[in-house]
Amino acid sequence: MSQLLALIALSSKNRMPSPKLQRYSTPPGFSATHTKGSQTIVFSSKEAFTKPVLPMVAVHYFSPEPVVAFRNLKRSVEVSHWSSSLSIEDEVELINNGPASVATLVCRCKADQASTLQIERPLLSPNAPATKLLSARHPTSTSRALQPSRLATP
Amino acid sequence: MLSSLAVSLPPKVYSPYYYDTVGNVSTSHFRSSVDPKYPTAKGRKESNLELRPRYPLLGGWTYNFTMGYVAPLQDYLTAGTGREYELRVPFMSAIKDVPADQVEVRISLPESAK
């Protein structure tokens, strides 16, 4: 299959999980449009690309909700015909998998990072062929949470 | 930050308890499905147990506790043929939408059960 080298300009609309965005990185060759308070960032390329690109975007956003999970759950069920009752006991080890605070009560300038998550996701779908459309669709999410120190501090 | 957990227990559940490694945790509230003032009333479809951990859980924090309750056996046991019974017990905790890494369930049957 011959690879067509077409000149295309790309634009990608990204909807973030939270409207409060701390900062985001703009890949080279792209300009980002983001209205304050909106959950959507639109990255549009300034010039056309001649070869396939996979630019990565890092977004630092605010997510204070706790994510509850059980590290360990031990359930003990006892059947008693004498009292006609079923007693259930749960031994739970609960963990909050939300964003971890960087410095617990020591550095106030870093307290802002205590409720923020960072994700890194490719701007375009890795499978999008270079010859496709003028405006790329929303990329499939392959984002994962990063440690807070990944983005350069302003 | 997690400050309280809402647990939806089945109706007609009684004597709930909630303790951790230090001792009994009194910061909890249990709303039975049936109002004890009107025991013959229909009642709600579920009982609510609101648990407040001893400390709020920030990101990455863990908390160990034990909770339990007693439910009437008729809701879980059905009689089969002869002396056979079928017991259906909820596997996961009553706390909804919580994933678990490791789960262990132990069912203690009455003595001389085969």
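Just so you know, these numbers come straight off a predicted model, no measurement behind them.

### Looking at the sheet that holds strand S7 (residues 85-96) of chain A
Line of reasoning, step 1. Within the open sheet, the five strands sit side by side as S2(B)-S5(B)-S7(A)-S6(A)-S8(B). Their pairing is mixed. With one partner strand each, in any of the chains shown, strand S2 (14-20) and strand S8 (100-108) of chain B form the two edges of the open sheet. Direction aside, neighbouring strands of the sheet carry axes that sit 10° apart on average.
Line of reasoning, step 2. Across eight bridges, the pairing between strand S6 (residues 68-80) of chain A and S8 of chain B is parallel. Considered in S8 of chain B, the bridge of Glu78 of chain A is made with Ser108 of chain B.

### Concerning the interface of chain A and chain B
Line of reasoning, step 1. Between chain A and chain B, the residue contacts involve 33 residues of the former and 48 residues of the latter.
Line of reasoning, step 2. Taken together, both faces of the contact between chain A and chain B bury some 3500 Å²; the carbon and sulfur share is 57%.
Line of reasoning, step 3. Across the contact surface, chain A and chain B share zero salt bridges.
Line of reasoning, step 4. Those elements that provide at least two residues to the side of chain A that touches chain B are S6 and S7 of chain A.
Line of reasoning, step 5. In terms of residue class, the side of chain A that touches chain B is built from 15 nonpolar, ten polar and eight charged.

### Brief notes about the nonpolar core
Line of reasoning, step 1. One finds Leu94 of chain A together with Leu5, Val7, Leu9, Leu51, Phe65 and Met67 of chain B to be the most contacted residues of the largest nonpolar core, which totals 30 residues.
Line of reasoning, step 2. Among the elements of the structure, S6 and S7 of chain A together with strand S1 (5-9), strand S4 (47-51) and strand S5 (62-72) of chain B are those that each provide at least two residues to this core.
Line of reasoning, step 3. Apart from residues no more than four positions distant in its own chain, Val7 of chain B is found in contact with Ser47, Asn48, Leu49, Leu51, Met67, Ala94 and Ile95 of chain B.
Line of reasoning, step 4. Listed in part, the nine residues of the second largest apolar core include Met16, Phe30, Val59 and Tyr61 of chain A.

### Some points on the packing of aromatic side chains
All names here are of chain B.
Line of reasoning, step 1. Evaluated as defined, the whole model comprises five aromatic pairs over all chains.
Line of reasoning, step 2. Look at Tyr17 and Tyr19: their rings are 5.9 Å apart centre to centre, the planes differ by 15°, and that puts the pair in the stacked class.
Line of reasoning, step 3. Accessibility expressed as a relative area gives 33% for Tyr19, which makes it partly exposed.
Line of reasoning, step 4. Between Tyr55 and Trp61 the ring centres are 6.2 Å apart and the planes differ by 65°, which places this aromatic pair in the edge-to-face class.
Line of reasoning, step 5. By relative accessible area, Tyr55 is classed as partly exposed at 34%.
Line of reasoning, step 6. An aromatic cluster of at least three residues, connected via ring pairs, comprises Tyr18, Tyr55, Trp61, Tyr63 and Phe65.

### Details of the environment of Glu46 of chain B
Residues and elements named next belong to chain B.
Line of reasoning, step 1. Within the secondary structure, Glu46 is located in the loop between strand S3 (28-31) and S4.
Line of reasoning, step 2. In this structure the C-alpha to C-alpha distance between Glu46 and Pro10, which are 36 residues apart in sequence, comes to 4.9 Å.
Line of reasoning, step 3. Once you skip the residues sitting within four places of it in the chain, Glu46 turns out to touch Ser8, Leu9, Pro10, Pro11, Ser33 and Lys96.
Line of reasoning, step 4. Among the polar contacts listed, one links the side chain of Glu46 to the side chain of Ser8, at a separation of 3.4 Å.

### Notes on the confidence of the model for chain A
Residue and element names in this part refer to chain A.
Line of reasoning, step 1. Per-chain confidence: chain A averages 67 in pLDDT, with 58% of residues scoring 70 or above.
Line of reasoning, step 2. Every residue in residues 1-7 is under pLDDT 50, and counting partners more than four places away or in other chains gives eight contacts.
Line of reasoning, step 3. Low pLDDT, under 50, characterises residues 128-154; the stretch is placed with 55 contacts to residues that sit more than four places away or in other chains.

Parameters at a glance
- Sequence order as written defines residue numbering, which begins from 1 separately in each chain.
- Each chain takes a letter, starting from A, and each ligand takes a number, starting from 1, following the order in which they are written.
- Totals for whole chains, interfaces and linings use every residue, but because this is a predicted model, local features are given only for residues with pLDDT of at least 70 and side-chain atom pairs only at 80 or more, for both listing and counting.
- Think of the side-chain values as coming from all heavy atoms in the structure, minus any hydrogens and water.
- Two strands are said to pair when DSSP picks up at least two bridges between them.
- Elements are defined by DSSP. Helices are runs of H or I of four residues or more, strands are runs of E of two residues or more, and each kind is numbered from the N terminus.
- In this analysis, axes come from line fits to C-alpha atoms, helices being fitted only over the stretch in contact, and the angle between any two N-to-C directions falls in the range 0 to 180 degrees.
- Contacts are assigned to residue pairs with any non-hydrogen atoms lying within 4.5 Å of each other.
- Buried area is calculated as the accessible area (1.4 Å probe) missing from two parts once they are joined, with the contributions of both summed.
- We define a salt bridge as a side-chain nitrogen of Lys or Arg found within 4 Å of a carboxyl oxygen belonging to Asp or Glu.
- Any residue outside Ala, Val, Leu, Ile, Met, Phe, Trp, Tyr, Cys, Pro, Asp, Glu, Lys and Arg is labelled polar, Gly included; the first ten of those are nonpolar and the last four are charged.
- In these notes, a set of buried Ala, Val, Leu, Ile, Met, Phe, Trp, Tyr and Cys residues joined through side-chain atoms within 4.5 Å is what counts as a nonpolar core.
- Any residue under 20% of the maximum accessible area for its type is buried, any over 50% is exposed, and the rest in between are partly exposed; the area is computed with a 1.4 Å probe on protein chains only.
- Each Phe, Tyr or Trp ring, with Trp reduced to its six-membered ring, pairs with another whose centre is within 6.5 Å; inter-plane angles below 30 degrees give stacked pairs, above 60 give edge-to-face pairs, and intermediate values give tilted ones.
- Distance and chemistry together define a polar contact, namely a pair of N or O atoms within 3.5 Å, with one atom able to donate a hydrogen and the other to accept it when in protein, and with adjacent residues in sequence counting only for side-chain atoms on both sides.
- The predictor's confidence in any single residue is recorded as pLDDT, a number from 0 to 100.

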